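These are the residues of each chain, in order.
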Amino acid sequence: MYDIVNYEEARSVREAIELLRANPGARLIAGGSDLLIKMYNGKITEAELISLRGIPSLKEIKMEADGTIRIGSGATFSRIFSHPVIQEHVPVLAEAVSKVGGPQIRNIGTIGGNICNGVTSSDSASTLLALNAGLRLEGPDGTRLVDVQDFYLGPGKVDLRHEEVLTDILITRENYQGFGGHYIKFAMRNAMDIATLGCVAVCKIKDQKVIADFRLALGVAAPTPMRCPRTEEAVRGRVFSEELLLEAGRTAVTEVNPRTSWRATREFRLQLVEELSKRAFRQAFINAGGVFS
Amino acid sequence: MIVKKISFQVNDRKVALEVDVRASLLDILRDSLHLTGVKKGCSVGECGACTVLIDGEPYDSCIYLAVWADGKDINTIEGEYKEGKLSKVQQAFVDEGAVQCGFCTPGFIMSTTAMAQSGRKFTPAEIKRELSGHMCRCTGYQNIIKAAQKALED
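Colleague: An account of the pairing of strand β2 (residues 13–20) of chain B is requested, with residue identities and associated values reported.
Modeller: Residue and element names in this part refer to chain B. Pairing of strand β1 (residues 3–10) with β2, which is carried by 8 bridges, proceeds in the antiparallel orientation. Following the sheet pairing, Lys5 is matched in β2 by Glu18. The antiparallel hairpin formed by β1 and β2 contains 2 residues in its connecting segment, where Asn11 sits at a positive phi of about 50 degrees.

Rendered as C-alpha cells:
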C-alpha cells in the first residue's frame, strides 16, 4: 500500500489548478513511475495526490496550423514514439524517448513528468533542450511560456509554481524543419537503466557539408540537463571534417561539470562527454543529409 | 482510509470493487481477486514479474494505482488457459523450455501475448526490445527469446 492520505482526480486542467489551490500540500501525479517509487522508498510520505490521468487534452500530440508541434504533457513515451507527426518531423525525439526504461515504463511514463521531476538524467530533456522546446504552464492567472532551458533551476528543481500545471511542450517549425539529430544514451544495460550520460546533437546542413546550425545537449554532465553553447558556436558555419569532430569533443569537455556518483566517476563521464559528442555529431550530420568529402 | 468504487473487466469477467486509494492494481489482483499468477517482484517497476495487459498493452501492475483500473479491460495469465488448452504463447514457452523457476514467466508471457495480439511482425531485435522490461534471474533468456519467436511465427 502506498502512503496516500488523499486522492483526487481532476477532470480538467482548470479543476487541477483549483484542487492545487485548495490543497497546499498536494502534488500532481501523471504516470506515477517516479512518484510512486519515491513513495515506496519512503521519500514522500502522507501523499496528497491530484491525478491528471483523466484529462484527455493533456494526452494529445498534434501539429498546429503554423507548423508548431504540440505534445501534451500527459503523452506517454510509447505514444510519442509511435506518433506519425513525431516519427516524420522529430525522429530524434522518438529515438530519445525509446531509450526510457522498458516497454511497460514507456506505456505509463509521461514526458511532462520526465521534465517536471527535474532530474538531469531525463532521456527526453536533453533532446527538448536541443530543439529549443517551449513549455506552456497554466496557472490561476492564465498561461505562461517558458523555454525548457530556463525551466531547470537546479537538481530536482524546476520553475513550476505550486498552482501551475505543465500542459504542453511546443516545438516550433524553425527548430525541427531541415534538422537531423542523434541521441546516445550510455548506460550499463540496454534497458531498464538510468543514463550514465545522455548526449544529443542536432544539426542543419548546407551544401552537403557546411554546418548551418548545430546544437549539442547533454544529460548527467551537470546538475541539470544542459546545452554546450561554446561548442555550438565553434562548429556553426564550418565545413564538416574529422578535425571538426575532434574539436567539438574537446570543446564540449570544457563546458561540463559532471559529478562522481555510484554509477560512474567524474573522470569517466568527462571521457564520455568527449567521445559521445563526437559520435552524436557524426550521426546527426549523416541524418541531416551531410555527405563526407 | 479512502475508498473508491470501480468497475472493470478481468479476463473477460466484469468486476465491481471498492478499492482503497492506496492500493496498487497488483494488490487488488492478488489479494482481492486471488489472481496470484500475477507475481510481486521488485514493487518498483523494474523486474516485470507483475506485468498484466491493460487494454491490450503491458503495464507493471505494481506501479499502477488500483483506482486507475476503472473502466479498463485487464488480462492476466489466468485468462490465457482456455477450455483446457494453453495459449499459443504458453505452449511455445513449454516447448522451448523457457521456464525455469517460473517466477518471471507470467510477465514474459503477457508481454509476448501483447505482441502476438498486435498482429504486427517483429524482428529478433524488436522482440528483445519488447521483452526488455522483464528480468529472469535464472537467466534463461535464450530460450525465452526462442519461445517468443516461435509464438510469433504464423
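Anyway, onward from the coordinates.
Colleague: Tell me about helix α3 (residues 105–118) of chain B, and please be specific about residues and values.
Modeller: All names here are of chain B. Look at α3: 20 Å from first C-alpha to last across 14 residues, which is about the 20 Å you get at 1.5 Å a residue. Among the 14 residues in α3, 11 count as buried, and that is most of the element. When α3 is considered as a whole, its buried residues turn out to be Thr105, Pro106, Gly107, Phe108, Ile109, Met110, Ser111, Thr112, Thr113, Ala114 and Met115. Just downstream of α3, Gly119 is the residue with a positive phi angle, here 75 degrees.

Colleague: Outline the nonpolar core, listing residues and values.
Modeller: Counting 135 residues, the largest nonpolar core has Ala16, Leu197, Val200, Val202, Cys203 and Leu218 of chain A as the members making the most contacts within it. Beyond its immediate stretch of four places on either side in the chain, Cys203 of chain A contacts Phe179, Gly180, Ile211, Asp213, Phe214, Ala284, Phe285 and Ala288 of chain A.

Colleague: Tell me what's going on with the sheet that holds strand β14 (residues 226–227) of chain A, and back it up with residues and numbers.
Modeller: Hydrogen bonds between backbone atoms are what pair the strands of a sheet, whose relative direction is either parallel or antiparallel. Residues and elements named next belong to chain A. What the 4 strands build is an open sheet, ordered β11-β12-β13-β14; its pairing is antiparallel. Strands with a single pairing partner mark the edges of an open sheet, and in this sheet they are β11 (180–186) and β14. Pairing analysis gives 7 bridges linking β11 to strand β12 (residues 197–206), with the strands arranged antiparallel. Residue pairing across strands places His182 opposite Ala201, the latter belonging to β12. Running over the sheet, helix α12 (residues 266–287) touches β11, β12 and β13 (210–219) and is turned about 35 degrees from β12.

Colleague: Tell me about the packing of helix α2 (residues 88–95) of chain B against helix α5 (residues 141–152) of chain B, and name the residues and values.
Modeller: Angle between the axes and distance between the axes: these two values describe a pair of packed helices. All names here are of chain B. In the contact formed by α2 and α5, the axes pass within 8 Å of each other and the chain directions differ by 140 degrees. Between α2 and α5, the interaxial angle falls into the category oblique. When you trace α2 past α5, the crossing you get is right-handed. Between α2 and α5, the residues in contact are Lys88, Val89, Ala92, Phe93 and Asp95 and Ala147, Lys150 and Ala151, respectively. Looking at side-chain class alone, the contact of α2 with α5 contains 5 nonpolar, no polar and 3 charged residues.

Colleague: Explain the domain arrangement of chain B to me, using residue names and the numbers behind them.
Modeller: How big an interface is tends to be stated in terms of the accessible area lost upon association of its parts. Residues and elements named next belong to chain B. By the assigned domains, chain B splits into domain 1 (3–79) and domain 2 (88–152). A straight line from the C-alpha centre of domain 1 to that of domain 2 covers 21 Å. Of the residues lining the interface, 15 residues belong to domain 1; the matching set on domain 2 comes to 13 residues. The set of elements that each furnish at least two residues to the side of domain 1 that touches domain 2 consists of β3 (51–54) and β4 (57–60). Broken down by element, the residue count for the side of domain 1 that touches domain 2 peaks at 3 residues, all from β3. A per-class count over the side of domain 1 that touches domain 2 returns 8 nonpolar, 5 polar and 2 charged.

Colleague: So what about the interface of chain B and chain A? Which residues, and what values?
Modeller: On the chain A side, the residues contacting the 25 residues of chain B number 21 residues. Among the elements that line the side of chain B that touches chain A, the one with the most residues is β4 of chain B, at 4 residues. Class assignment for the residues of the side of chain B that touches chain A results in 11 nonpolar, 7 polar and 7 charged.

About the criteria used
- Residues numbered from 1 in each chain as written.
- Chains lettered and ligands numbered in written order.
- Predicted model: local features only at pLDDT ≥ 70, side-chain atom pairs only at ≥ 80, totals over all residues.
- Pairing = 2+ DSSP bridges.
- Helix = DSSP H or I, 4+ residues; strand = E, 2+ residues; numbered from the N terminus.
- Expected span 1.5 Å × (residues − 1).
- Buried ≥ 20, exposed ≤ 12 C-beta atoms within 10 Å, placed from the backbone.
- Core = buried A, V, L, I, M, F, W, Y, C linked by C-beta atoms within 7 Å.
- Contact = placed C-beta atoms within 7 Å.
- Axes fitted to C-alpha atoms, helices over the stretch in contact; angles between N-to-C directions.
- Parallel < 35°, antiparallel > 145°, perpendicular 65-115°, else oblique.
- Left-handed = near helix turned anticlockwise from the far one by under 90°.
- Nonpolar A, V, L, I, M, F, W, Y, C, P; charged D, E, K, R; others polar.
- Domains from an automatic or database assignment.

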